[in-house]
Amino acid sequence: DSFLVVDTLVDTLGDTVIDTTIAADTTTTSFRTRREYTRVNHSLNLSFPVKFFNYIVLNPSASYREEWFKIWETDQSIDQGIDADRVYRSYVWSAGASASTKLYGTVYPNALGLIGLRQVLTPTVSYSFTPEINRYPEVRAFAGGSAGSARQSQNLTFSLNQLYQAKVSRAESERNLQLVSITSAFSYNLEEEERPFSDLTTTFQSTVLPKIRFNGSIVHSLYKPGTNDLSFFSPYKQSFTLNANVTLGGRNFLFDDPGATVSTAQDTIIGDEPDIGSRTRTSTGGGGWNFRADYTYRESGRDAAFTKSSFLRFSLGFKLTPETDIAYNQYYDITEGMTINNEVRITRRLHCWTGTFFWAPIGS
């Protein structure tokens, strides 16, 4: 893939006022300080995936990015000593390769509606290299950053994805379920002498339960706390995060009125002007409702530096009448045992008008 983007950017920052006194007259001049430049962006990305022995996928890749700058003469470019009579060119490239395969393991219990369980392992090893190319750093910073690398980098990345699946039978049909997906990854910096290993990050997610989703992450350090001593097989847990949410909803809440005529924001265009006299439609929904709850748990640190937090957010929305919507939201701190914020919003439609009442008894 290759891309070419041309943009012209003007940043205007603040107002500066200069007072000049000449004899008995006072003249006030106001001007804006400006930063103006034109930038042309090019990018090219290449990859060549090749399969060996039907098991290993090798994917060499390369990318190139180049940008041209034209800095226009303004008070800011003059102050920074940038030559506005020339066009600047910066670029950076990187190359690498990855190798991955898939390993399968399956069992067939054939009991209690469970036909089979499968585990899919996808180990991946990748290498990336970016040389040091640091052309015109002051100009690049003036234009908000661009293609360039302040230092050479080489990284080896190792990752393992674990996918657990199930096949179940319901009545006379079969269904495949994605139980949980777990991905662990860390990298090794070939340019770093001290602590070349990155943190080991593990993420997980699942949608197997109806209406319920959860995900989270665990971060481990591969070094002993406070030292540069590697402890690869006994990593130190730095943080843990868990998120879960449930979503429920229905078509009927307090009433079912399929023949109600309600207003809508849809306009009929006649010539160049909207016809605000034709804003009605026939409702088919009745009193729909929706409910969502989100739970978050976080912990980090160890011993005296250990901290944890636990929050619950939930919202409920429903139609009190075909023209009136009610929404309630609450944000509750479980760790502190207190409500941080809650609010009520009532929306009423009347022909081409909409009125909203908003109340936040706690919070802002």
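Structural notes, computed from the coordinates.

Conventions we followed
Residues numbered from 1 in each chain as written. Predicted model: local features only at pLDDT ≥ 70, side-chain atom pairs only at ≥ 80, totals over all residues. Heavy atoms only, no water. Phe/Tyr/Trp six-rings, centres within 6.5 Å; stacked < 30°, edge-to-face > 60°. Helix = DSSP H or I, 4+ residues; strand = E, 2+ residues; numbered from the N terminus. Buried < 20%, exposed > 50% of the residue type's maximum accessible area, 1.4 Å probe, protein only. 1 Å grid on protein atoms, 1.4 Å probe; cavity = no way out; pocket = protein on both sides within 12 Å on 5 of 7 lines; lining within 4 Å. Points joined across faces, edges and corners; volume = space filled by probe spheres on them. Contact = heavy atoms within 4.5 Å.

### A closer look at the packing of aromatic side chains
In step 1: Per the stated rule, a full pass over the model turns up 14 aromatic pairs.
In step 2: An angle of 45° between the planes, with centres 6.1 Å apart, marks the rings of Phe 186 and Phe 197 as tilted. Here Phe 197 lies in the loop between β9 (173-189) and β10 (200-206) and Phe 186 lies in strand β9, a separation of eleven residues in the sequence.
In step 3: Since its relative accessible area comes to 16%, Phe 186 is described here as buried.
In step 4: Between Phe 186 and Phe 232, the ring centres sit 5.6 Å apart and the planes meet at 75°, which makes this aromatic pair edge-to-face.

### Some points on the layout of surface pockets
In step 1: Quantified by volume, the largest pocket comes out at close to 190 Å³.
In step 2: Around the largest pocket sit Thr 106, Tyr 108, Ile 115, Gly 116, Leu 117, Arg 118, Gln 165, Ala 166, Lys 167, Asn 176, Leu 177 and Gln 178, which together line it.
In step 3: If you list the elements that add at least two residues to the lining of the largest pocket, you get β7 (114-130), β8 (153-170) and β9.

### Examining unusual backbone geometry
In step 1: Backbone geometry at Asn 54 places phi at a positive 65°, although glycine is not the residue there.
In step 2: Its identity as a non-glycine residue notwithstanding, Arg 195 has a phi of 50°, on the positive side.
In step 3: Residue placement: Arg 195 occurs in the loop between β9 and β10.

### Brief notes about the environment of Leu 156
In step 1: Positionally, Leu 156 belongs in strand β8.
In step 2: Note on Leu 156: relative accessible area 25%, which makes it partly exposed.
In step 3: When the C-alpha positions of Leu 156 and Ala 97 are compared, they lie 9.9 Å apart, and in sequence the two are 59 residues distant.
In step 4: Look past the residues within four positions of Leu 156 in its chain and what remains in contact with it is Ser 126, Tyr 127, Phe 186, Ser 187, Tyr 188 and Leu 190.

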